[in-house]
Amino acid sequence: MIEFLKNFILLFLELTALFIIISFIVSLLQQVVTEEKIKGILQKGNKATGYISGTLLGALTPFCSCSTIPILAGLLSSGAPFGPSISFLISSPLLNPVIVILLWKLLGFKLTAFYVIAMFIFAVLAGVTFNALKLEKHLRNVRIRSSQNGVGQKESKWIIALKDAWNFFYPVLPYLVIGVLIGAIIHDFIPAEFITSIAGDEHPFAIPIAAIVGIPMYIRVETMIPISEALVSKGMSMGAVIALIIGGAGASLPEVLLLNKLFKPRLLMAFIIAILLGATVTGYILYFIF
């Protein structure tokens, strides 16, 4: 129990510090990169640079995938190109700085570098594919405009960033506590033999199952990452863990419900299938490489 409490407190404090610091930096970036600037960047240059720009800009948007959807709706309704906007939607929850930093801290540089490269390529290819299949015609006629960052603000950008960091952290705090608690329990009380018997390297079919399970579970990434670290330490294959993270973060149940107001059934189904394929393929590549 003493070792359990020690692991819980140290991991919680470490993740809290990282989350607040990175949230502060992201808030400063968001005060510069507004929706109008995003639309302008997506409309500049050729199609190739548009997809790359959409993917890069997605990494600078809010952390929860659900909060990205009003921005997406505003972009589409104001004339932003469809394909790069899809790349933006996919990269936003999967490549935000908090996830990347937490993955780096808990799972190491090599795994994190692979994850970032894989998700970047996936977001670009998804945008290109959706555009090539002309899925834009399956958008609903919805007009949503999100407020512009920084408009009417009289406070210092540093004060705004501090407030944003706290506002980002406060709703996530219960999920972070739950994730660290579950991770510490798995690390200290669950036998490694049990984890490896159902999701170890000898069970490659655990990867697509983990991708599918991630969607209805709706475990926030801030919760899932400390759990993932514990699962990996107990013998769960990293391919299955990454598939679980991508499935849960990329197409969580609340996000799918919100997208249903913006996407018609065929486009919504294409989005879910794309996330599942991306999670499964990434998991298997990681399985065979590492």
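Before reading on, note that the structure itself is shown above.
Calculation rules
Residues numbered from 1 in each chain as written. Predicted model: local features only at pLDDT ≥ 70, side-chain atom pairs only at ≥ 80, totals over all residues. Heavy atoms only, no water. Patch = residues over 30% accessible without salt bridge, like charges linked within 9 Å, V, L, I, M, F, W, Y side chains within 5 Å. Areas by Shrake-Rupley, 256 points an atom, 1.4 Å probe, with all protein chains shown as cover. Salt bridge = Lys/Arg side-chain N within 4 Å of Asp/Glu carboxyl O. Lys, Arg positive; Asp, Glu negative; His and termini not counted. Charge placed at Lys NZ, Arg CZ, Asp CG, Glu CD. Helix = DSSP H or I, 4+ residues; strand = E, 2+ residues; numbered from the N terminus. Expected span 1.5 Å × (residues − 1). Buried < 20%, exposed > 50% of the residue type's maximum accessible area, 1.4 Å probe, protein only. Polar contact = N/O pair within 3.5 Å; in protein donor to acceptor, adjacent residues only side chain to side chain. Contact = heavy atoms within 4.5 Å. Axes fitted to C-alpha atoms, helices over the stretch in contact; angles between N-to-C directions. Parallel < 35°, antiparallel > 145°, perpendicular 65-115°, else oblique. Left-handed = near helix turned anticlockwise from the far one by under 90°. Nonpolar A, V, L, I, M, F, W, Y, C, P; charged D, E, K, R; others polar.

A short note on a positive patch on the surface
In step 1: On the surface, a cluster of positive charge is contributed by K47, K134, K137 and R266.
In step 2: Looking at the element boundaries, K137 is found in the loop between α7 (109–132) and α8 (157–189).

Quick look at helix α5 (residues 82–94)
Residue pairs three or four apart in sequence face the same way in an α-helix, which turns once every 3.6 residues.
In step 1: The first and last C-alpha atoms of α5 sit 19 Å apart over 13 residues, in line with the 18 Å expected at 1.5 Å per residue.
In step 2: Within α5, 13 of the 13 residues are buried, which leaves it mostly tucked inside the rest of the structure.

A few points about the side chain of S91
In step 1: Following the sequence through the fold, S91 ends up in helix α5.
In step 2: With a relative accessible area of 1%, S91 lands in the buried category.
In step 3: Side-chain polar atoms of S91 contact the backbone oxygen of F88, separated by 3.4 Å.

Some points on the environment of G127
In step 1: Along the chain, G127 falls in helix α7.
In step 2: The spacing of G127 and G54 is 73 residues in sequence and 9.0 Å in space, taken between C-alpha atoms.
In step 3: Not counting residues within four places of it along the chain, the set of residues in contact with G127 comprises Y51, G83, I86 and S87.

Thoughts on the packing of α7 against helix α12 (residues 238–250)
In step 1: Remark: α7 packs on α12, axes separated minimally by 12 Å, with the N-to-C direction vectors making an angle of 45°. If you check the angle between α7 and α12, you find them oblique. Between α7 and α12 the crossing geometry is right-handed. Of the residues in α12, those touching α7 at L111, Y115 and M119 are M238, I242 and I246.
In step 2: The class makeup of the residues in the contact of α7 with α12 is 6 nonpolar, no polar and no charged.

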